[in-house]
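# Survey of secondary and tertiary structure
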Amino acid sequence: MIITLAREGDKDAFAELVKRRQSLVRHLMRRLCSDVVLADDLCQQAFLQAYLKISSLRDSNAFGGWLKQLTINTWLQHCRKRDLLQKTDEPEDLLATREQPGMAMDLDAALLTLKTSERLCIVLSYQEGMSHEEIANTTELPLGTVKSHITRGTARLQTSLSAYRDSRLGGPES
Amino acid sequence: MSDQHDISLQALFDEPAQIADDSEFVVRTMQRIDQRQRRSLYIWLAVSGGLIIIASLFALPLEIATFITQSFTTPLFSLGSGWLGWLMAPINNAGALVVLLIRLLRFARPKSSEWRVSLLSF
């Protein structure tokens, strides 16, 4: 009902949609980018795009997936503007982590140690539950690249998070 | 989800989001939408205004061009609408007179230069 009203240009209905969906969108964006302020800025851009394009949404039930796609597209546009997806250099944080292998890190900090494209694939796979094919279609990355990003990213996260998990569980994991 | 996942990593990702509902975020987002709409309106107004100015700037030269074209087709002598009028129409107008004058000037120019050459050689 709210989505239908928003599609017809009702601003209050759209504000209600923002209120209801903001948590999910912001959570996804914060996982993708380290900067909370930037994440919120990109979320607003995503909602703005949603407002401008919502009249073209045919199925109201598809709103959630559609909004997620817009959020990912907004992030991808941001990365493309800054050539973040093409960069092959390892992030500086990762090097810092390797110098201090025993340091406990939470998930967000560990995600920062991944390359942008790796982080994107990992978040879409683990957090959003998307299949490799869906990620490849969404990000326009080759399927093989997506698979290798997820394999390599998982291994890096496991290394980065081992100390963190140990500290949370109260001892080394068997 | 058919792809294999690391279970312990998945457990970390599955932890509930700690982002509280933020009414300020909603307000800022809606303000941004309003700003965007206002900006679109201003751009539309600026483009419309620009088109009107361009049209008015081009209106005068177009009117002059139309006036000249109409003047050139005005008959020099009134020969009526009979066969003689139709026959003489291509040369019985101001345009034909202008063309004739230009041809005469171009015809006269070599002669004057020849005259100048002969005067210098003398």
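Treat the numbers as computed from the prediction; the structure is a model and nothing was measured.

The next thing to look at is the environment of Lys147 of chain A. Topologically, Lys147 of chain A is positioned in helix H9 (residues 143-169). Along the chain, Lys147 of chain A and Cys121 of chain A lie 26 residues apart, while their C-alpha atoms are 8.5 Å from each other.

What follows covers unusual backbone geometry. With a phi close to 60°, Glu140 of chain A is a non-glycine residue in the positive phi region. Take Glu140 of chain A: it is sitting in the loop between helix H8 (132-139) and H9.

Moving on to the interface of chain B and chain A. Tallying the contact residues gives 26 residues for chain B and 39 residues for chain A. Of the roughly 3,100 Å² buried at the junction of chain B and chain A (both faces included), carbon and sulfur atoms supply 62%. Between chain B and chain A we count 3 salt bridges in total. Salt-bridge contacts for Asp41 of chain A lead to Arg32 of chain B; the nearest nitrogen and oxygen are separated by 2.7 Å. Between chain B and chain A we count 8 residue pairs in polar contact (both at pLDDT 80 or more) in total.

This paragraph deals with the packing of helix H2 (residues 11-32) of chain A against helix H2 (residues 23-72) of chain B. Packed helices, taken two at a time, are described by the angle between their axes plus the distance between the axes. Running from N to C, H2 of chain A and H2 of chain B point in directions that differ by 125°, and their axes come no closer than 9 Å. Relative to H2 of chain B, H2 of chain A is oriented oblique. Handedness of the crossing formed by H2 of chain A with H2 of chain B: right-handed. Here Lys11, Phe14, Ala15, Val18, Lys19, Gln22 and Arg26 of chain A of H2 of chain A come into contact with H2 of chain B, specifically with Phe25, Val26, Thr29, Met30, Ile33, Asp34 and Gln37 of chain B. The residue inventory of the contact of H2 of chain A with H2 of chain B, partitioned by class, reads 7 nonpolar, 3 polar and 4 charged.

Counting residues in each nonpolar core, the largest one holds 53 residues, and the members touching the most others are Phe14 and Leu157 of chain A together with Phe13 of chain B. Sort the elements by how many residues they give to this core and H2 of chain A lands first, with 9 residues. In this view, Phe14 of chain A contacts Ala6, Phe47, Ala50, Tyr51 and Ile54 of chain A together with Met30 and Ile33 of chain B; residues no more than four positions away in its chain are not counted.

Residues and elements named next belong to chain B. On the surface, Leu76, Phe77, Leu79, Trp83, Leu84, Leu87, Met88, Ile91, Leu97, Leu100, Leu101 and Leu104 cluster together to form a nonpolar patch covering roughly 1,200 Å² of accessible area. Listing elements by their share of the nonpolar patch, those giving two or more residues are helix H3 (83-88) and helix H4 (94-121). By secondary structure assignment, the location of Leu97 is in helix H4.

Rules of the game
- Residues numbered from 1 in each chain as written.
- Chains lettered and ligands numbered in written order.
- Predicted model: local features only at pLDDT ≥ 70, side-chain atom pairs only at ≥ 80, totals over all residues.
- Heavy atoms only, no water.
- Helix = DSSP H or I, 4+ residues; strand = E, 2+ residues; numbered from the N terminus.
- Contact = heavy atoms within 4.5 Å.
- Buried area = accessible area lost by both parts, 1.4 Å probe.
- Salt bridge = Lys/Arg side-chain N within 4 Å of Asp/Glu carboxyl O.
- Polar contact = N/O pair within 3.5 Å; in protein donor to acceptor, adjacent residues only side chain to side chain.
- Axes fitted to C-alpha atoms, helices over the stretch in contact; angles between N-to-C directions.
- Parallel < 35°, antiparallel > 145°, perpendicular 65-115°, else oblique.
- Left-handed = near helix turned anticlockwise from the far one by under 90°.
- Nonpolar A, V, L, I, M, F, W, Y, C, P; charged D, E, K, R; others polar.
- Core = buried A, V, L, I, M, F, W, Y, C linked by side-chain atoms within 4.5 Å.
- Buried < 20%, exposed > 50% of the residue type's maximum accessible area, 1.4 Å probe, protein only.
- Patch = residues over 30% accessible without salt bridge, like charges linked within 9 Å, V, L, I, M, F, W, Y side chains within 5 Å.
- Areas by Shrake-Rupley, 256 points an atom, 1.4 Å probe, with all protein chains shown as cover.

Everything listed is a geometric property; what it means functionally is a separate question.
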